[in-house]
Amino acid sequence: MNTRVLMTSTGLILGIVLFFAVNMISNGLFKSARLDLTDNGLYTLSKGSRNIVASLKEPLRLQLYLSEKLVPQLAGISSYTVRVRELLEEYARTSGGKIELHVIDPEPFSEAEDHAVSYGLKGASIDTNNTTFYFGLVGTNSTDGQEVIDFFNPSREEFLEYDLTQLLYKLDNPKQKVVGIMSTLPIQGAGGGMPFMQQGGEQPWMIIEQIRQLFDVRTVATDVTEIPQDIEVLMLVHPKGLTDATLYAIDQFVLKGGRLLAFVDPYAETDDPPADAQNPLAGMNAPRNSELSKLMDVWGVELEKGKVVGDLSIAKQVQMQKGSRTMVVTYPVWIDLATANFNEKDTITGKLNTITLATAGALKSKEAVGTTLTPLLTSGDQAMLIETSKLGMFANPEDMVRDFHPDKSYVLAARVSGKVKTAFPDGKPKAEDKDKDSAKAEETTDIESLKESKEDINIIIVADTDLLDDRFWVQVQTFLGNRIALPQSANDQLVTNALDNLIGSNDLISVRNRGTFSRPFTKVEEIQQAAEVKFREKEKQLLARLQETEQKLRDLQNQKPGSNALILTNEQQQEIAGFRDEKVKIRKELRAVQHELQKDIERLEARVKFINIGLIPLLVGFAGVGLAYYRSRRRRSLAAVA
């Protein structure tokens, strides 16, 4: 007996020692090993993020300001704080020591809180005592460059990895990025293009003011033969009448890896053709369409010619003069896009609210080219194409509505990616007049001409130029000599988001949107919806009966005309009493239906939760007890035989 006890004790001690030894060894050997079993790989960095982290040129310091002691009071955000922190730890772990992460709790009236405020972090007041909750990130590099996320808003949860990777990319590439703007519209005022007076005359459009706050903006002439090398993104607005030499410059810019944001339009309302005193109607009949088909053909994109998109479901209301009357009518070709019209999975459009377009065109893919066209903005599925000949001074919105026959949804803006070939296979276009020196220079350029893209191109095409015009998205006020923008739509955000996205590397653009952290009972929600449809139908029937009964009651009470209107017969009084009883009965049934709907939903949810949370552990427990009982009986049987 003593020997058996000794062996048992020794085995137990060895087991405990082995347990701790395995844990210590695995902690040392597999410290960086991780297994992410979440549905969307929530804690695994995408390839683009890993590439950017691996290519960091200098050490970066990240400071997460998080009011940890207040987190338990905020049930709605507590899980998100865990996710942000663990994802930041994953960045630091992947960087191999290049990212230094510090988590700081800025307690009230502490030096840490003063630092958080000085960095521009925004605290949220969570109670009547003005207790401030901080949840932001400050990143710094070795040259005192600084990037800040002032508050981690849970509404941007699916873009969390993109926001963090973009912050790292900006810290590692601190120089302000250069955006070139080539436009045939007076978007930069009288000094930036054609001498055209519009809404403020020589002033640049407000969209340019917004872009200048974020980027180093350069003007690119519409007759250039080469895009300057320091331009990283070219914003091309209403390309019209461009020479082959300029188109060739744009072609080569894209093939060399330059990013392009192009605004093309089948009917640009802001395009004001020059007036002709001899023929006043010539200006009204002059073409207002962009022309970039030579390049778009090789990019695999086509703009519907001579047609704009109309959509009654999202059309704007406009004032129309009819005779001496001013009427408010629906104008199908001026549309307000909302969430349903945006690509919610793309960082450019994922969090936009409203975008206003005017006489926008439709884009479609040319599959033979092999590029990928990813829609960013789309019309509703009850839209149609309208001839541009119906627009202009003599446009009649009422006729458009009367003749409206919707067919499908149309793409209004898209991202284009993939390998492409040049639109100029014979090289640089030959100039008509050239001397020997220019001919020699041209030969040199031909040698350097690219026949196809070095890597996948990244361009964004928007089939509308009018969205840039002030009158379609912003009210401009002047205060103390300064112009103040009061946006009515998010048109400026669309443009700056697109530039910000294109300005990054291919790795940054490829960073996928993350899924959300919450994991709802989707099956319960499906059952809830089915049950709600069933009970809402019953509710609708009862409400119809109730309205019918109330109407009959009113009709009966108003049955007698004249002075005897309030004198009812015994029969009428009985009918009224019956109707009132019926009304009370229907209301009671209606309350019962509403109550039963809630009870049924709660029962379904409780049942599914019990199966997922309680039943499985119980079954495992019973299985364990059963197995133990079986093994006990088996040992007793063997002992009896022996």
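Above this note sits the structure.
Presented here is a report on the structure given in the accompanying data block.

Cut-offs applied
- Residues numbered from 1 in each chain as written.
- Predicted model: local features only at pLDDT ≥ 70, side-chain atom pairs only at ≥ 80, totals over all residues.
- Heavy atoms only, no water.
- Pairing = 2+ DSSP bridges.
- Helix = DSSP H or I, 4+ residues; strand = E, 2+ residues; numbered from the N terminus.
- Axes fitted to C-alpha atoms, helices over the stretch in contact; angles between N-to-C directions.
- Phe/Tyr/Trp six-rings, centres within 6.5 Å; stacked < 30°, edge-to-face > 60°.
- Buried < 20%, exposed > 50% of the residue type's maximum accessible area, 1.4 Å probe, protein only.
- Patch = residues over 30% accessible without salt bridge, like charges linked within 9 Å, V, L, I, M, F, W, Y side chains within 5 Å.
- Areas by Shrake-Rupley, 256 points an atom, 1.4 Å probe, with all protein chains shown as cover.
- Salt bridge = Lys/Arg side-chain N within 4 Å of Asp/Glu carboxyl O.
- Lys, Arg positive; Asp, Glu negative; His and termini not counted.
- Charge placed at Lys NZ, Arg CZ, Asp CG, Glu CD.
- 1 Å grid on protein atoms, 1.4 Å probe; cavity = no way out; pocket = protein on both sides within 12 Å on 5 of 7 lines; lining within 4 Å.
- Points joined across faces, edges and corners; volume = space filled by probe spheres on them.
- Nonpolar A, V, L, I, M, F, W, Y, C, P; charged D, E, K, R; others polar.
- Core = buried A, V, L, I, M, F, W, Y, C linked by side-chain atoms within 4.5 Å.
- Contact = heavy atoms within 4.5 Å.

Side note on the sheet that holds strand 14 (residues 325-337)
1) Next: Overall, antiparallel pairing links the three strands, which are arranged 13-14-15 in an open sheet. Pairing within the sheet leaves two strands with one partner each, and these edge strands are strand 13 (315-322) and strand 15 (355-358). Sheet twist, expressed as the mean angle between neighbouring strand axes with direction ignored, is 50 degrees.
2) Next: Here strand 13 pairs with strand 14 via eight bridges, running antiparallel. Each residue of the ladder has a partner; that of alanine 315, found in strand 14, is isoleucine 335.

Points about the packing of aromatic side chains
1) Next: Within the structure shown, the criterion is met by nine aromatic pairs.
2) Next: Ring centres 6.0 Å apart and planes at 85 degrees place the aromatic pair tyrosine 80 and phenylalanine 135 in the edge-to-face group. Of this pair, tyrosine 80 sits in helix 3 (residues 75-94) while phenylalanine 135 sits in strand 5 (residues 135-140), placing them 55 residues apart in sequence. Pair check on accessibility: tyrosine 80 and phenylalanine 135 agree, each one buried.
3) Next: When the centroid spacing of 5.1 Å and the interplanar angle of 45 degrees are considered together, the rings of phenylalanine 135 and phenylalanine 152 count as tilted. Linking phenylalanine 135 in strand 5 with phenylalanine 152 in the loop between strand 6 (146-149) and helix 5 (160-172), this pair joins segments that are 17 residues apart in sequence.
4) Next: Phenylalanine 135 sits in the buried class, given a relative accessible area of 1%.

Considerations on a positive patch on the surface
1) Next: A grouping of Arg631, Arg633, Arg635 and Arg636 is seen on the molecular surface, where their side chains present a positively charged patch.
2) Next: Relative to the elements of secondary structure, arginine 631 occurs in helix 15 (residues 570-641).

Some thoughts on empty space enclosed by the protein
1) Next: Tallied over the entire structure, the rule returns one cavity of 30 Å³ or more.
2) Next: By volume, the largest cavity is sized at about 40 Å³.
3) Next: Leu261, Phe263, Ile348, Leu376, Ile460, Val462, Leu494, Val495 and Ala498 together form the lining of the largest cavity.
4) Next: Counting residues per element, the ones that place at least two in the lining of the largest cavity are strand 10 (259-263), strand 20 (457-462) and helix 12 (491-503).
5) Next: In terms of residue class, the lining of the largest cavity is made up of nine nonpolar, no polar and no charged.

Some remarks on the nonpolar core
1) Next: Ranked by internal contacts, the top residues of the largest apolar core, which has 47 residues, are Met235, Leu261, Leu468 and Val495.
2) Next: At six residues, the largest contribution of residues to this core is made by helix 12.
3) Next: In contact with leucine 468, other than residues within four places in its own chain, are Ile187, Trp205, Ile207, Met235, Val237, Phe263, Trp473 and Val495.
4) Next: Counting residues in each nonpolar core, the second largest holds 39 residues, with Leu255, Val298, Ile459 and Ala463 among its members.

Some points on the pattern of salt bridges
1) Next: Summed over the entire model, instances satisfying the criterion amount to 22 salt bridges.
2) Next: Between aspartate 163 and arginine 156 there is a salt bridge, and its shortest N-O distance comes to 2.9 Å.
3) Next: On the accessibility criterion, arginine 156 (28% relative accessible area) is partly exposed.
4) Next: Across the pair lysine 170 and aspartate 500 runs a salt bridge whose closest N-O atoms are separated by 3.7 Å. In this pair, lysine 170 sits in helix 5 while aspartate 500 sits in helix 12, placing the two residues 330 residues apart along the sequence.
5) Next: Taking relative accessible area as the criterion, aspartate 500 reaches 18% and is therefore assigned buried.

Comments concerning the sheet that holds strand 2 (residues 99-104)
1) Next: Sheet architecture is open: four strands sit in the order 2-1-5-6, paired in mixed fashion. Of all the strands in the sheet, just strand 2 and strand 6 have a single pairing partner and so form its edges. Neighbour-to-neighbour, the strand axes of this sheet turn through a mean angle of 15 degrees, independent of strand direction.
2) Next: Bridge count for strand 1 (residues 60-66) against strand 2 is six bridges, and the pairing is parallel. Along strand 2, the bridge assignment pairs leucine 64 with valine 103.

Looking at the pairing of strand 18 (residues 383-387)
1) Next: The element strand 18 is extensively covered by neighbouring structure, given that four of its five residues are classed as buried.
2) Next: When strand 12 (residues 307-311) meets strand 18, the two strands line up antiparallel, connected through five bridges. Within the sheet, the bridge partner assigned to valine 309 lies in strand 18 and is leucine 385.

Some remarks on the layout of surface pockets
In this approach a probe as big as a water molecule rolls over the atoms, and the regions it shows empty are the leftover space.
1) Next: Each pocket or cavity is described by its volume, and for the largest pocket that value is around 1100 Å³.
2) Next: Taken together, 38 residues form the lining of the largest pocket, with Asp163, Gln166, Lys170, Asn497 and Asp500 sitting closest to its centre.
3) Next: For the lining of the largest pocket, the secondary-structure elements that each account for two or more residues are strand 6, helix 5 and helix 12.
4) Next: The element that contributes the greatest number of residues to the lining of the largest pocket is helix 5, accounting for eight residues.
5) Next: Partitioned by chemical class, the residues of the lining of the largest pocket number 17 nonpolar, 12 polar and nine charged.
6) Next: One number sums up the size of the second largest pocket: a volume of about 900 Å³.
7) Next: Surrounding the second largest pocket, 41 residues form its lining, Tyr267, Arg288, Thr388, Leu391 and Gly392 being those nearest its centre.
8) Next: Mapped onto the lining of the second largest pocket, the elements with two or more residues apiece are helix 8 (280-285), helix 9 (293-299), strand 11 (301-303), strand 13 and strand 14.
9) Next: When residues of the lining of the second largest pocket are assigned to their parent elements, the largest contribution, four residues, is made by strand 13.

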